[in-house]
Amino acid sequence: MQGVGFRPFIYQLARKNGLTGWVCNTSGDVTMVVEGQQGCIDQFMTELRANPPPQSHIESITEEFEPTGNYPQFEILKSLVKNEEYQLISPDLATCVDCQKEIFDPANRRYRYPFTNCTNCGPRFTIIEDIPYDRSRTTMRHFQMCPECKKEYDDVENRRFHAQPNVCPVCGPRLELTDSKGVPVSVKDVIAASARLISAGKIIAIKGLGGFLLACDATNDKIVRLLRERKQRPDKPLAVMVKNVVEARRICQINRQEEELLNSPAGQIVLLKMKSTSIIASEVAPGLKHLGMMLPYTPLHHLLMNEAMTPLVMTSGNISEEPIAKDNSEALARLGSIADYFVLHNRNIYSRYDDSVVMAEQDSVSIIRRARGQAPYPIKLPFQSRLLLACGADMKNTFCLTRNNHAFISQHIGDMENAETLEHFESTLGQYKKLFRIEPEMIACDLHPDYLSTQWAVNEAKKTNLPLIKVQHHYAHILSCMADNEVLGPVIGIALDGTGYGTDGHIWGSEFMIADYQGYQRKAHLEYLPVPGGNAAINRPYRTAAGYLYSLAGPETLEMDLPCFKDIERTEIAVIRQQIDHKLNSPLTSSCGRLFDAVSALIGVKQRVSYEGQAAMELEEIADENVRDKLYPYNIETCAGIDIIRLKALFLALIADYQKGVPAAVISAIFHNTVVRIICETASKLSRETDIKDVALSGGVFQNRRILNQVSLELKKMNLRPLIHKRTPCNDAGISLGQAAAANMIEGRN
Ligand code: ZN
Ligand code: ZN
Ligand code: FE
């Protein structure tokens with residue numbers, strides 16, 4: 001991977017061990033020749049394996065003997081670039097400790113300079129226009145290095161040797177403060193002024209690495225509410241930035257693994273359990289006990305957080321679900337109604353890049369959103385792949401391009417529901433195709449005819465005359481998990497999520513299957529139940545609850561005194577009944593997500609939601625940690641070789657508990673235990689039938705910590721091997737990888 005200081009490292013290591021020869025970047029590989037005493041070469045190889053530069057990844061090393069070349073010294077040769085070859089590109093990296101020291105050192109020439117970077121940190125992917133990675137092919141080409149910066153750049157012993165974005169206050173980009181109309185505000189120090197404005201209750205749009213972030217005081221409910229109103233984001237949790245881990249610990253419980261994630265060069269948002277004494281405004285993450293937190297990842301953030309009086313909300317600069325704004329004029333136009341002031345600069349962002357989101361549970365790390373700090377680093381596949389484009393699904397979408405054994409999954413693109421996101425999809429795709437030299441020979445997409453991504457794929461296939469492969473949503477989830485774990489299968493696949501188009505025309509969402517890259521067999525699912533109103537019910541879980549109760553337990557349940565019917569007009573209940581009786585816009589679903597919604601509404605946790613998964617997340621948050629053994633009853637019925645999990649007994653028991661006054665926290669816990677039981681019982685049965693021990697767990701439901709932990713634990717107890725997503729999200733952002741894996745194995749290819 002270029003831009004991580006690998007060649008200077010080799011240079012110094014060779015010289016230290018008294019070796020001569022050369023090192024050279026080719027497209028893809030690093031080639032080197034070292035000449036000297038065998039013992040010194042052995043020592044060189046040991047150190048190379050043990051301590052490569054922090055940002056490099058060594059995939060493999062091939063060694064060969066050469067006749068002696070009598071090299072007088074060790075040299076770095078000019079890069080060899082072949083046009084059709086590709087190179088891996090580093091993600092953007094959080095400011096390293098050395099650069100942090102410089103910006104806070106009054107004696108340093110980069111004191112308080114917000115664009116400081118070096119070979120170990122700074123922008124990469126967001127500024128690259130083409131390969132090979134040279135300053136002339138980045139948005140830094142507009143800035144000519146001053147003699148002092150050039151000296152650093154040319155000095156192989158310097159930390160900034162060949163650091164393409166190298167700059168200083170003399171020669172680099174500058175900050176500017178403007179009002180919401182873009183009129184410059186004259187201040188002595190933009191960062192100090194911004195910190196003061198934030199303390200005074202203003203909302204500021206700050207240009208960052210991959211786009212604009214909106215910042216405000218995270219301890220002030222009134223301001224956070226105002227930000228929510230302006231951003232049209234009523235409840236979805238907002239991320240918070242704090243100065244350092246010490247400050248983070250005042251707000252959240254943080255274990256060693258979480259601390260490592262916070263400090264990682266990826267500079268990502270980490271979901272952490274909030275302390276009850278936290279000073280964070282309740283408006284930041286309403287209804288949730290977990291908070292998304294990050295540390296400063298650019299010099300600008302470090303300087304700002306050093307002066308800010310409080311933790312700051314730092315959320316993507318966009319309205320609702322639109323893509324993050326990246327250009328100055330675009331930001332002023334789109335965010336002018338949200339932000340009171342803008343902190344702009346004149347370094348262009350080439351690629352939109354949201355913050356990544358991760359969480360740690362027990363010994364594993366789950367990626368919720370894969371973007372800055374992670375993409376475009378590829379996923380290594382357990383097989384060689386042809387040149388493919390997979391277009392993903394709908395929500396939280398990504399695309400995936402494959403070549404050799406590399407899957408390049410795009411950074412988070414967003415929900416494919418508006419023209420802006422489609423534009424982001426297309427331009428990012430164009431960029432990946434160019435950077436990684438991939439001209440796809442085949443296109444894959446979801447089965448759902450209404451997805452924008454499917455429609456785009458159908459069109460594109462027609463335009464380019466390429467074969468189009470449609471891949472079932474939950475099968476794609478399972479293949480994504482398999483590829484992520486570099487497993488060839490077959491596996492027992494368990495895909496639990498909100499919605500996916502089924503091959504029988506129903507909405508699937510709790511699919512137990514036997515799968516490998518060649519195909520799958522559906523083996524079990526939750527029984528089909530009607531969702532009155534279809535998509536409209538997704539925002540109104542009480543509708544799902546009504547539909548489920550009515551079809552499972554009859555009309556009298558709709559008359560019961562249950563929280564899900566409390567604030568609902570009787571006329572709406574009548575409409576729901578009619579919709580189900582006459583099968584009007586009441587699609588049948590086996591969705592596990594809808595089951596969580598129904599239970600959440602039924603026991604009074606959440607009746608209406610404003611973001612995907614809200615009802616389920618709040619249900620998870622209240623579940624009593626100490627209730628671990630109790631279960632609700634359920635039945636399994638086999639129809640035509642497929643196990644159908646019947647839910648009537650579960651709902652009746654749940655209602656009975658509610659009516660007895662059992663607290664919602666306990667009911668939620670028993671419900672969670674029951675879902676775990678259903679998953680493990682089905683997995684164990686399928687394992688007995690097939691002798692397969694690998695169980696791939698995928699789909700958004702596995703973002704639920706309690707379900708993921710408990711299922712993993714119990715599968716291990718049964719001597720089964722749970723496969724969980726490690727490098728990709730288990731939610732729909734991972735779908736594109738699974739589609740690519742499926743399409744790659746289509747008959748006659750590979
Ligand atoms: Zn640095
Ligand atoms: Zn300079
Ligand atoms: Fe899904």
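About the thresholds
- Residues numbered from 1 in each chain as written.
- Chains lettered and ligands numbered in written order.
- Predicted model: local features only at pLDDT ≥ 70, side-chain atom pairs only at ≥ 80, totals over all residues.
- Heavy atoms only, no water.
- Helix = DSSP H or I, 4+ residues; strand = E, 2+ residues; numbered from the N terminus.
- Rg over C-alpha atoms; globule rule 2.2 N^0.38 Å.
- Buried < 20%, exposed > 50% of the residue type's maximum accessible area, 1.4 Å probe, protein only.
- Contact = heavy atoms within 4.5 Å.
- Areas by Shrake-Rupley, 256 points an atom, 1.4 Å probe, with all protein chains shown as cover.
- Lys, Arg positive; Asp, Glu negative; His and termini not counted.
- Charge placed at Lys NZ, Arg CZ, Asp CG, Glu CD.
- Pairing = 2+ DSSP bridges.
- Axes fitted to C-alpha atoms, helices over the stretch in contact; angles between N-to-C directions.
- Donors = N, O, S within 2.8 Å, 3.2 Å for Na, K, Ca; no water.
- Salt bridge = Lys/Arg side-chain N within 4 Å of Asp/Glu carboxyl O.
- Domains from an automatic or database assignment.
- Core = buried A, V, L, I, M, F, W, Y, C linked by side-chain atoms within 4.5 Å.
- Phe/Tyr/Trp six-rings, centres within 6.5 Å; stacked < 30°, edge-to-face > 60°.
- Lys NZ or Arg CZ within 6 Å of the ring centre and 35° of its normal.

1. Concerning the overall build of the chain
Within the chain, the secondary structure is distributed over 21 helices and 27 strands. Its C-alpha radius of gyration of 27 Å places the chain within 12% of the 27 Å reference for a compact globule of 750 residues. Structurally, the chain occupies a C-alpha span of about 90 × 65 × 50 Å along its principal axes. Out of the 750 residues belonging to the chain, those deemed buried represent 60%. Long-range contacts, defined here as pairs at least 24 residues apart, represent 71% of the contacts in the chain between residues at least 6 apart. Accessible area of the chain: about 29700 Å², with a carbon and sulfur share of 49%. Charge separation in the chain, taken as the distance between the mean sites of 83 positive and 88 negative side-chain charges, equals 3 Å.

2. Observations regarding the sheet that holds strand 1 (residues 20–25)
Spatially, three strands are ordered 2-1-3 in an open sheet, and the strand pairing comes out mixed. Single-partner strands in this sheet number two, and they are strand 2 (30–35) and strand 3 (74–76). Neighbouring strand axes in the sheet, compared pairwise and without regard to direction, differ in orientation by 5° on average. In this structure, strand 1 lies alongside strand 3, joined through three bridges in parallel fashion. Within the sheet, the bridge partner assigned to Gly21 lies in strand 3 and is Phe74. The sheet contacts of helix 1 (residues 6–16) involve strand 1, strand 2 and strand 3, and relative to strand 3 the element is tilted by about 175°.

3. Some remarks on the coordination of the zinc ion (ligand 1)
Protein coordination at the zinc ion (ligand 1) comes from Cys96 (SG), Cys99 (SG), Cys118 (SG) and Cys121 (SG), with a distance range of 2.3 Å. Counting along the primary sequence, the residues that act as donors to the zinc ion (ligand 1) give the motif C-x2-C-x18-C-x2-C. In this pair, Cys96 is assigned in the loop between strand 3 and helix 3 (97–103) and Cys121 in the loop between helix 3 and helix 4 (147–154), connecting sequence segments 25 residues apart. With relative accessibility at 13%, the residue Cys96 sits in the buried group.

4. Thoughts on the pattern of salt bridges
Working definition: two side chains of opposite charge can pair if their charged atoms are close together. Across all of its chains, the model carries 49 salt bridges by this definition. The shortest N-O distance in the salt bridge between Arg570 and Glu559 comes to 3.2 Å. A residue pair is termed long-range when its members are at least 10 positions apart, and Arg570 in helix 15 (residues 570–581) and Glu559 in the loop between helix 14 (541–553) and helix 15 qualify at eleven residues. Exposure remark for Glu559: the relative accessible area of 57% places this residue in the exposed category. Members of the salt-bridge network, linked through shared partners, are Asp98, Glu102, Arg159 and Arg160.

5. Some details on unusual backbone geometry
Note the cis peptide between Ala375 and Pro376, where omega equals 0°. Topologically, Pro376 is positioned in the loop between strand 14 (364–369) and strand 15 (379–390). Residue Pro490 is bonded to the preceding Gly489 through a cis peptide linkage, with omega at 5°. Along the chain, the position of Pro490 falls in the loop between helix 13 (473–484) and strand 19 (491–501). Positive phi, normally seen in glycine, also occurs at Asn719, with a value near 65°. Here Asn719 lies in the loop between helix 20 (705–717) and strand 27 (721–724). Of the residues examined, Asn719 reaches a relative accessible area of 63% and is grouped as exposed.

6. Describing the sheet that holds strand 16 (residues 400–409)
In space, the four strands of this open sheet follow the order 16-15-17-18, with mixed pairing throughout. Strands at the two margins of the open sheet, each flanked by one partner only, are strand 16 and strand 18 (468–471). Strand-to-strand twist of the sheet, defined as the mean angle between neighbouring strand axes without regard to direction, takes the value 55°. Bridge analysis of strand 17 (residues 442–446) against strand 18 gives four bridges, and the strand direction is parallel. Bridging from a neighbouring strand, Ile443 pairs with Leu468 of strand 18. Of the strands in this sheet, strand 15 and strand 16 are in contact with helix 11 (residues 419–435), which crosses strand 16 at around 160°.

7. Observations concerning helix 21 (residues 735–744)
For helix 21, the tally of buried residues reaches ten of ten residues, placing the bulk of the element in the interior. Those residues of helix 21 hidden inside the fold are in contact with strand 15, strand 16, strand 17, strand 18 and helix 13.

8. Some details on the domain arrangement of the chain
You can read the domains of the chain as domain 1 (6–76), domain 2 (175–345), domain 3 (378–484 + 731–749) and domain 4 (525–723). Domain 1 and domain 4 are separated by 58 Å when their C-alpha centres are compared.

9. Quick look at the coordination of the zinc ion (ligand 2)
Coordination angles at a metal have ideal targets, namely 109.5 degrees for four tetrahedral donors and 90 or 180 degrees for six octahedral donors. Coordination of the zinc ion (ligand 2) by the protein comes from Cys146 (SG), Cys149 (SG), Cys168 (SG) and Cys171 (SG), over a distance range of 2.2 to 2.4 Å. In primary-sequence terms, the residues that donate to the zinc ion (ligand 2) follow C-x2-C-x18-C-x2-C. Of the two residues, Cys146 is situated in the loop between helix 3 and helix 4 and Cys168 in the loop between helix 4 and strand 4 (175–179); the sequence distance between them amounts to 22 residues. Note on accessibility: Cys146 and Cys168 belong to one class, buried.

10. Structural notes on the pairing of strand 20 (residues 507–516)
With nine of its ten residues buried, strand 20 lies for the most part within the structure. Sheet topology places strand 19 next to strand 20; eight bridges connect them, and they run antiparallel. Opposite Gly493, over in strand 20, you have Met513 as the bridge partner. Pairing of strand 20 with strand 21 (residues 519–526) involves six bridges; the strand directions are antiparallel. Of the residues in strand 21, the one forming a bridge with Asp516 is Gly519. Connecting strand 20 to the antiparallel partner strand 21 that follows it, the hairpin turn spans two residues.

11. Digging into the nonpolar core
Core analysis: the biggest nonpolar cluster contains 71 residues, and Ile494, Phe596, Leu647, Phe651, Leu697 and Phe702 have the highest contact counts within it. Ranked by residues supplied to this core, first place goes to helix 19 (residues 664–690) with twelve residues. The residues touching Phe651, leaving out its near neighbours within four places in the chain, are Tyr548, Leu549, Leu552, Leu595, Ala598, Val599 and Leu602. Of all hydrophobic cores here, the second largest spans 43 residues; its members include Val245, Ala248, Leu262 and Val284.

12. Things to note about the environment of Ser79
For Ser79, the position within the fold is in the loop between strand 3 and helix 3. The spacing of Ser79 and Gln431 is 352 residues in sequence and 22 Å in space, taken between C-alpha atoms. Ser79 has contacts with Gln2, Arg7, Cys24 and Asn25, leaving out every residue within four places of it along the chain.

13. Focus on the packing of aromatic side chains
Tallying each qualifying case throughout the model produces 16 aromatic pairs. On the numbers, 5.7 Å between centres and 80° between planes, the contact of Phe399 with Phe425 is edge-to-face. You can see Phe399 sitting in the loop between strand 15 and strand 16 and its partner Phe425 sitting in helix 11, a full 26 residues away along the chain. In terms of burial, Phe399 and Phe425 fall into one category: buried. Residues Tyr548 and Phe651 carry aromatic rings whose centres are separated by 6.2 Å and whose planes lie at 80° to one another, so their mutual orientation is edge-to-face. Placement of the pair is Tyr548 in helix 14 and Phe651 in helix 18 (residues 648–659), with a sequence separation of 103 residues. Residues Tyr548 and Phe651 agree in their burial class; the two are buried. One aromatic cluster is present, formed by Tyr86, Phe125, Tyr353, Phe399, Phe408, Phe425, Tyr432, Phe436 and Trp456 through successive ring pairs. We note Arg372 situated over the ring of Tyr297; from NZ or CZ to the ring centre the distance is 3.3 Å. For Arg522, the ring lying beneath its charged end belongs to Trp508, and the centroid distance is 3.7 Å.

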